[in-house]
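# Inside the fold
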Amino acid sequence: MNKRNKLNFLIYFYLIILFSLTSITLLELYKIQLVKANEIKSSFFNNLKYIPSLRGNIYLKTKNKELIPVAISYYAYDLYYNPQKAKNKEDEIKKIAELLNEKPEELLKKINGEKSVILSKNLEEKLKNKIAQLRFDSVFFEEKVIRSYPFKNLLSSIIGFAIYDEENKTTKGLYGLEKYYDEYLRGENGFVTTYGSFKPPTKGADIVLNIDYYIALKFDSILEEALVNFKAKGGLIIAMEADSGNIIGIAEKPDYDLNNYSKVNDYSIYLSRLSYPYEPGSVMKPFFYAGAFEEKILSPTSTYIDKGYVILNNKTIYNFDKKGRGETDLKTALVHSLNTGSVYVSQELGKTRFLKYVDKFRFNKRPEVDFPILVDNNLKTLYPPFGREVNFGTASFGQGISISPLSLLNAYQALFSNKITTINFASEIILDDGKKYENTSKTLVENIISPETSREIKEILEEVVENQAKKAQIKGYRIGGKTGSAQIPEKDGYSNDVITTFIGVFPLTNPKFIVLVRLDKPEPGLLAFGTAAPTFKKVAEFLINYYNIEPDKL
């Protein structure tokens with residue numbers, strides 16, 4: 001028994017020793033894997049240096065397929081000086097100042113005590129290399145990426161800008177196309193560590209736009225002139241290919257210098273008018289006329305009694321001139337933009353069919369466009385718990401509802417080309433490895449209205465230009481279009497200020513371009529036929545000459 005007890009004791013003793021050693025080993029492994037992991041990770045990142053990636057460029061093009069950069073990136077360097085490592089501070093600063101083309105005494109003023117200081121920022125690589133060749137131990141550089149906009153204010157609200165994100169160590173797009181295409185443009189950072197690990201940065205993709213450089217310059221000039229002539233506070237000009245939905249030209253004001261965005265006091269200037277809707281006025285009228293013609297309820301020769309006003313839900317709606325014209329046919333009512341005619345059409349359509357054409361022309365959907373849309377079209381007054389008769393009446397002439405400029409372009413595309421496509425700012429995306437991806441147009445819906453209805457609307461809108469918006473006429477060319485002058489809503493009603501709009505399509509024989517001109521708050525008393533229409537004419541004349549478009553009218 002004694003021998004057995006001793007044997008058992010020894011077995012238990014060795015088991016305890018083995019268990020203890022195993023526990024200690026497991027504990028150490030735990031410390032290495034979990035507790036030490038953060039230390040190892042921290043050590044790795046403390047010894048890691050990021051190599052910033054170059055953000056992709058954004059290009060405009062010309063009809064000759066030249067590429068013009070409007071947003072570019074390049075490496076720049078901040079020059080640091082550490083006086084503790086200097087062998088002869090005065091002599092070193094003198095040589096550095098000579099290369100920087102600065103006075104040595106000015107650089108010496110920047111050196112306080114023994115701490116490292118920045119002597120100069122954003123040096124180009126060539127100058128940085130010259131200073132590096134001095135081989136001073138006291139000098140070191142911090143590499144970064146600079147985003148630059150060669151044309152400053154041109155297309156500022158459309159291009160947007162990008163800033164350096166300290167947390168992610170990358171340049172990030174905040175507005176406009178810089179924001180929409182940020183994931184393509186930003187690229188991927190590289191790194192190098194003291195352990196010898198290295199990963200090169202990957203440059204971001206380049207974006208080539210459909211916008212033509214020379215058209216953008218001309219539109220900018222035309223819009224600036226319009227703001228001066230009509231004393232307007234701002235505006236927008238945009239031209240779209242009727243068949244493809246490609247945006248070939250755009251201008252928007254007020255604008256700002258993209259290279260000095262931080263100096264802007266009113267941040268709302270960063271947001272394009274394309275990003276949110278507005279009450280467009282009478283440019284909405286043709287869609288509901290088209291609906292009534294399509295449903296065979298009414299025709300251009302149908303008549304109604306125009307008293308100059310109509311009362312709905314105890315609200316009085318007037319014509320723009322408050323005049324009544326007696327028995328009037330619908331063609332005349334649309335040509336002369338009579339609100340009473342639009343209300344009559346909306347009542348004959350009825351609410352259900354009215355909403356049917358809101359849907360057909362995609363006013364209740366976001367336009368499919370490669371641009372950040374921040375606010376949806378607002379049609380809530382047409383649906384429960386609203387939807388009173390007066391809401392449909394005012395909506396028929398573009399008040400009480402808000403529609404984006406891009407939705408209007410799509411809807412006029414439906415009237416004249418009988419289809420709605422994607423709207424495309426970008427033409428192609430070019431990756432760092434040279435691969436190209438075309439941003440092709442897609443048809444979203446077609447055959448919105450019959451060819452007969454389309455013909456009837458085209459004829460009426462051509463007569464609008466011939467008899468009402470005469471300042472949009474161009475000799476030798478058939479043009480269809482519609483004016484709109486809408487009061488601007490306020491908290492307690494409407495202000496006396498207006499937004500004037502003209503949307504024109506040409507040449508009507510084979511529509512090529514749809515142009516929207518919008519002028520905000522022109523001089524009191526000025527309406528669209530006297531402001532937006534003549535501005536459209538200048539735009540159309542330039543496009544006709546630029547593309548050498550043949551006349552289609554004898």
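To keep things clear, this report deals only with the structure shown in the data block.

Parameters at a glance
Residues numbered from 1 in each chain as written. Predicted model: local features only at pLDDT ≥ 70, side-chain atom pairs only at ≥ 80, totals over all residues. Heavy atoms only, no water. 1 Å grid on protein atoms, 1.4 Å probe; cavity = no way out; pocket = protein on both sides within 12 Å on 5 of 7 lines; lining within 4 Å. Points joined across faces, edges and corners; volume = space filled by probe spheres on them. Helix = DSSP H or I, 4+ residues; strand = E, 2+ residues; numbered from the N terminus. Nonpolar A, V, L, I, M, F, W, Y, C, P; charged D, E, K, R; others polar. Axes fitted to C-alpha atoms, helices over the stretch in contact; angles between N-to-C directions. Parallel < 35°, antiparallel > 145°, perpendicular 65-115°, else oblique. Contact = heavy atoms within 4.5 Å. Phe/Tyr/Trp six-rings, centres within 6.5 Å; stacked < 30°, edge-to-face > 60°. Buried < 20%, exposed > 50% of the residue type's maximum accessible area, 1.4 Å probe, protein only. Salt bridge = Lys/Arg side-chain N within 4 Å of Asp/Glu carboxyl O. Pairing = 2+ DSSP bridges. Expected span 1.5 Å × (residues − 1). Polar contact = N/O pair within 3.5 Å; in protein donor to acceptor, adjacent residues only side chain to side chain.

## Overview of the layout of surface pockets
As a volume, the largest pocket reaches approximately 950 Å³. The set of elements that each furnish at least two residues to the lining of the largest pocket consists of strand E15 (315–318), helix H12 (389–395), strand E21 (480–490) and strand E22 (493–506). The biggest single contributor to the lining of the largest pocket is E21, with 6 residues. In the lining of the largest pocket, the residues fall into 11 nonpolar, 18 polar and 5 charged. Within this model, the second largest pocket holds a volume of roughly 620 Å³. Contributing to the lining of the second largest pocket are 23 residues, with Glu143, Lys144, Val145, Tyr164 and Glu166 lying nearest its centre. Listing elements by their share of the lining of the second largest pocket, those giving two or more residues are strand E1 (48–51), strand E5 (139–148) and strand E6 (162–165). In terms of residue count, E5 provides more of the lining of the second largest pocket than any other element does, 6 residues in total. Its residues assigned to classes, the lining of the second largest pocket shows 11 nonpolar, 4 polar and 8 charged.

## Describing the packing of helix H13 (residues 405–417) against helix H14 (residues 451–467)
At a minimum axis separation of 8 Å, H13 and H14 run at an interaxial angle of 110°. Put simply, H13 runs roughly perpendicular to H14. Mapping the contact onto sequence places Tyr412, Leu415 and Phe416 in H13 and Ser454, Ile457, Lys458 and Leu461 in H14. When grouped by side-chain class, the residues that make up the contact of H13 with H14 number 5 nonpolar, 1 polar and 1 charged.

## Section: the packing of aromatic side chains
According to the stated counting rule, one finds 29 aromatic pairs in the structure shown. Ring plane angle 50° and centroid distance 5.3 Å describe the contact between Phe161 and Tyr175, whose orientation is recorded as tilted. Here Phe161, found in the loop between helix H5 (156–159) and E6, pairs with Tyr175, found in the loop between strand E7 (170–173) and helix H6 (176–180); they are 14 residues apart in sequence, far enough to count as distant. Residue classification places Phe161 among the buried residues on the basis of a relative accessible area of 2%.

## Remarks on the pattern of salt bridges
With the rule as written, the count across this model stands at 29 salt bridges. With its nearest N and O atoms 3.5 Å apart, the salt bridge here joins Lys253 to Glu224. On the criterion of sequence distance, the pair formed by Lys253 in strand E12 (residues 247–253) and Glu224 in helix H8 (residues 213–230) is long-range, its members being 29 residues apart. A residue is classified by how much of its surface remains accessible, and Lys253, at 6% relative accessible area, is buried. Taking the shortest distance from any N to any O, the salt bridge between Arg325 and Asp306 comes out at 4.0 Å. Of this pair, Arg325 sits in the loop between E15 and strand E16 (326–329) while Asp306 sits in strand E13 (residues 303–306), and the two are 19 residues apart along the sequence. What makes Asp306 buried here is its relative accessible area of 2%. Three or more residues joined by partner-sharing salt bridges are found here, namely Arg55, Arg147, Glu178, Asp182 and Arg186.

## Description of the environment of Asn265
Structurally, Asn265 is set in the loop between E12 and helix H9 (285–294). Residue classification places Asn265 among the exposed positions, given a relative accessible area of 75%. Once the C-alpha coordinates of Asn265 and Pro69 are considered, the two residues, 196 residues apart in sequence, prove to be 27 Å apart.

## Observations concerning the pairing of strand E3 (residues 67–81)
Pairing of strand E2 (residues 58–61) with E3, which is carried by 4 bridges, proceeds in the antiparallel orientation. In the strand pairing of E3, Ile58 is matched with Ala71. Connecting the antiparallel pair E2 and E3 is a turn made up of 5 residues, with Lys65 showing a positive phi of about 70°. Pairing analysis gives 10 bridges linking E3 to E5, with the strands arranged antiparallel. Bridge pairing links Tyr75 to Val145 in E5. The sheet contact formed by E3 and strand E4 (residues 117–123) spans 4 bridges and is antiparallel. By the bridge assignment, Tyr81 is partnered in E4 with Val117.

## Some details on empty space enclosed by the protein
Evaluation of the coordinates by the stated rule reveals 2 cavities of 30 Å³ or more. The space that makes up the largest cavity amounts to roughly 50 Å³. Of the residues assigned to the lining of the largest cavity, the class counts are 4 nonpolar, 2 polar and 3 charged. Estimated volume of the second largest cavity: approximately 30 Å³. Around the second largest cavity, the lining residues are Asn153, Leu155, Ser156, Ser157, Asp220, Ile250, Ala251 and Glu252. Where the lining of the second largest cavity is concerned, the elements lending two or more residues are H5 and E12. The leading source of residues in the lining of the second largest cavity is E12, at 3 residues.

## Concerning H8
Over its 18 residues, H8 runs 26 Å from end to end, which matches the ideal 26 Å to within 8%, given 1.5 Å per residue. Taken as a whole, H8 has its buried residues at Tyr213, Ile215, Ala216, Phe219, Asp220, Ile222, Leu223, Ala226, Leu227 and Phe230. Where H8 begins, the capping side chain belongs to Asp212, and its oxygen is found 2.8 Å from the backbone nitrogen of Tyr214. Phi turns positive, to about 55°, at Lys231, one or two residues after H8.

## Regarding the sheet that holds E1
Spatial ordering of the open sheet is given by E1-E8-E9, a layout of 3 strands whose pairing is antiparallel. In the strand order of this sheet, the two ends are held by E1 and strand E9 (198–199), each with one partner.

## Focus: the environment of Gly324
Relative to the elements of secondary structure, Gly324 occurs in the loop between E15 and E16. The class for Gly324 is partly exposed, based on a relative accessible area of 45%. Taking C-alpha positions, Gly324 is 89 Å from Ala86, a pair spaced 238 residues apart along the chain.

## Topic: the sheet that holds strand E11 (residues 234–241)
What the 5 strands build is an open sheet, ordered E12-E11-E23-E22-E21; its pairing is antiparallel. Both outer strands of the open sheet, E12 and E21, are each paired with one neighbouring strand and no more. Direction aside, neighbouring strands of the sheet carry axes that sit 10° apart on average. In this sheet, E12 lies alongside E11 in antiparallel orientation, the contact comprising 6 bridges. The residue bridging Met240 from the neighbouring strand is Ile247, located in E12.

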